Amino acid sequence: MFKRELMTKLRNWRDKKYRKPLVLRGARQVGKTTLVEEFAKEFDYYISLNLEVSDDAQLFRQYTNVLDIWQYLCLKNHIRQDKDAKILLFIDEIQEEAKAVGMLRYFYEKLKWVYVIAAGSRLQSLVKQRVSFPVGRVEYMNLRPFSFTEYVNAIHGQQWVEMIKTLSVPETMHDELMRAFNRYALIGGMPEAISVYADTGDLEALSPIYDSLLKGYNEDIEKYAKNQEQAKILSHIANTVWGEAASAITFAKFGDSSYNSTQIHDGMNILERAFLLDLDYPVTATKAPAKPNKRRSPKLIVVDSGLMNFFAHIQLEYLQNEDLLDTWRGRAAEQIVAQELRVVLDDLYRDKQYFWVRDKKGTKAEVDYIWQHDTHVIPIEVKAGNNSHLRSLHSFINISKQHVTAVRIWSGNFFIQEAETPAPDNHPYTLINVPFYYAGQIATILKHATHN
């Protein structure tokens, strides 16, 4: 198995004094089960249940007392009930049995020495059943597709990862890292695709994998829906979003459909909770707190760039263009940067990413992403070219009432400069130029830049 950085967070969870059952969330086929099975090697005993298997699910229907369930599991798995032993219980596909979800609170209250992880590829279906996880009795972690550093570790090794994480990529390695990032953006972060590519180096071998993943997602759709009509809406959304990735969307008649705004909005919310897409809403303020305007059109971000590229038939563009910013009119770059930022947001316990639009009629100023760092709102542009081309960024700076630290993610080198907006405004600001391969290190970069 390739190294997943969430393993560190799992170990931290294991070692906490006040540990709660853990709900591991993420889209289908991002590697949740594989990660837990690898983690289980660090325990004395491992019990794995899959509630899609009738015998495992029946256990939670038959017994109402969690202590009875635990006694049965220990006897069946030949486990001595020794509180000094480290025992990991993994309940996979927990959405298949609502009673199992409710019993998580009793694992927390009555079996505190047991390490419990629950996961499922269709946790969203619990909403349809009006079932929720016990408030205050569980904690959550998100597993995303491979980040760039995870991809680099799989393909190039730990030494490259250390260069990236310590922001110490030498200038002589810049072009090499950019080529690696472009290849990562093309392949995406789905574990099976990365595994096959690492083994074969054959891009053509990945097409059947993407096709299978997309079909698998579509087959799951009807299990999220509350009725046949919503199943049709969800199917339409799932077959349309990939071609609309990294663009602002309108809900009404989305994808040339006849569905109204409410129908599409409700459907996208379902798929967002299933981790298949994200709706990034804009903010219009330039100072903290960054609050989204839900009346504005959101930007659509999909779960994985590799799936997007396959569906939209833009894979050849990656191979033909030297600069990622030239691919799919810049949308490919915005999508993969969004994926990188999602992982950082998870580490900071933040659920949402936003972008910025100017709150003035007749203007089209839009900054790709904004990031709240301490009390500052940091505008982030995914752009090429010199500073004079950063028109939307300059609009943000000119209407801000305080000194702005801004970020440009691009194909150039890493450096920080003092700049000013064009005349007649001439407002000074700090611009941090971040190469794509450092996008996932944005929190570290801002921490250093704003405290020096």
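About the thresholds
Residues numbered from 1 in each chain as written. Predicted model: local features only at pLDDT ≥ 70, side-chain atom pairs only at ≥ 80, totals over all residues. Heavy atoms only, no water. Helix = DSSP H or I, 4+ residues; strand = E, 2+ residues; numbered from the N terminus. Rg over C-alpha atoms; globule rule 2.2 N^0.38 Å. Buried < 20%, exposed > 50% of the residue type's maximum accessible area, 1.4 Å probe, protein only. Contact = heavy atoms within 4.5 Å. Areas by Shrake-Rupley, 256 points an atom, 1.4 Å probe, with all protein chains shown as cover. Core = buried A, V, L, I, M, F, W, Y, C linked by side-chain atoms within 4.5 Å. Axes fitted to C-alpha atoms, helices over the stretch in contact; angles between N-to-C directions. Parallel < 35°, antiparallel > 145°, perpendicular 65-115°, else oblique.

J.: Go over the overall build of the chain, please, and point to the residues and values.
T.: Looking only at helices and strands, the chain has 18 helices and 15 strands in total. Relative to a compact globule of 452 residues, whose C-alpha radius of gyration would be 22 Å, the chain shows 23 Å and is just as compact. With respect to the principal axes defined by its C-alpha atoms, the chain has extents near 75 × 50 × 45 Å. Looking at the chain residue by residue over its 452 residues, the buried ones come to 54%. Taking all contacts inside the chain whose residues are at least 6 apart in sequence as the whole, residues at least 24 apart take part in 70%. Surface exposure of the chain reaches about 20900 Å², of which carbon and sulfur atoms provide 46%.

J.: Break down the nonpolar core for me, citing the residues and quoting the values.
T.: Counting residues in each nonpolar core, the largest one holds 111 residues, and the members touching the most others are Ile117, Phe148, Met268 and Phe436. For Ile117, the contacting residues outside a window of four places in its chain are Leu10, Trp13, Leu22, Leu24, Val36, Phe39, Leu88, Leu89, Phe90 and Ile91. Formed by 30 residues, the second largest nonpolar core is a distinct cluster that contains Ile69, Trp70, Cys74 and Val116.

J.: Break down the packing of helix α9 (residues 174–187) against helix α14 (residues 305–312) for me, with residues and values.
T.: Any two packed helices are characterised by how steeply their axes cross, that is the angle between the axes, and by the distance between the axes. Relative to each other, α9 and α14 sit at 65°, their axes nearing to 5 Å. One element, α9, and the other, α14, form an angle in the roughly perpendicular class. In contact with Tyr184, Ala185, Leu186 and Ile187 of α9, α14 contributes Ser305, Gly306 and Asn309.

Interpretation in functional terms is not warranted from these geometric data alone.
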